[in-house]
Each structure stands twice: as C-alpha cells, then as structure tokens.
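# Summary of the model geometry
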Amino acid sequence: MAQTAAPAAVASPTITPISLKAIAPWAVFFGILMLVLLYFVGAEQGATAVISGEGVHEWVHDGRHLLGFPCH
C-alpha cells in the first residue's frame, strides 16, 4: 500500500527586532576601530607620526596605494 504523508505545518520563524541600545555600543566600537585604522593607513607618516620610525609605514604601505593615499 502506498501511503502519503501529509505535509506538516511549518511555523514561520518570528523575527525579533534588535533595539538601538543593543547595537549602539558595537557601532561605536567599530566606528572607533575604523577611524584608528584609517589614521594608520592614511596619515601615520612624517610630521603627524605618533610612532617614530618606518615600521608602521612599511606595514601599511601597499594599503595606502590601494586606497589612493600618497606616501612618496
């Protein structure tokens, strides 16, 4: 005998909204992190250098050219 199974009713998942209070600390953290990275890639050389030497410049050298920042 052939038996067919009736399709089970699939409950749709409920989507719970994330509050702004839960997102705000993460948004601030990643915003500050991006600004620090942008500083090191874009401005950490020459007169504005926080760290002396050429170490940071050599680490982010290719990223500068990729993003269009001049460094020579």
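Below or above, wherever it landed, is the structure these notes cover. (Residues numbered from 1 in each chain as written. Predicted model: local features only at pLDDT ≥ 70, side-chain atom pairs only at ≥ 80, totals over all residues. Heavy atoms only, no water.)

## Thoughts on the packing of aromatic side chains
Pairs of aromatic rings are described using the distance from one ring centre to the other and the angle between the two planes. Across all of its chains, the model carries three aromatic pairs by this definition. Seen in terms of ring centroids, W26 and F30 are 6.2 Å apart; in terms of plane orientation they differ by 25°. Their pairing is stacked. With W26 and F30 both in helix α1 (residues 20–42) and four residues apart, this pair spans about one turn of that helix. Overall, F30 belongs to the partly exposed group, its relative accessible area being 43%. Between F29 and F30 the ring centres are 5.1 Å apart and the planes differ by 65°, which places this aromatic pair in the edge-to-face class. Residue classification places F29 among the partly exposed positions, given a relative accessible area of 46%. (Phe/Tyr/Trp six-rings, centres within 6.5 Å; stacked < 30°, edge-to-face > 60°. Helix = DSSP H or I, 4+ residues; strand = E, 2+ residues; numbered from the N terminus. Buried < 20%, exposed > 50% of the residue type's maximum accessible area, 1.4 Å probe, protein only.)

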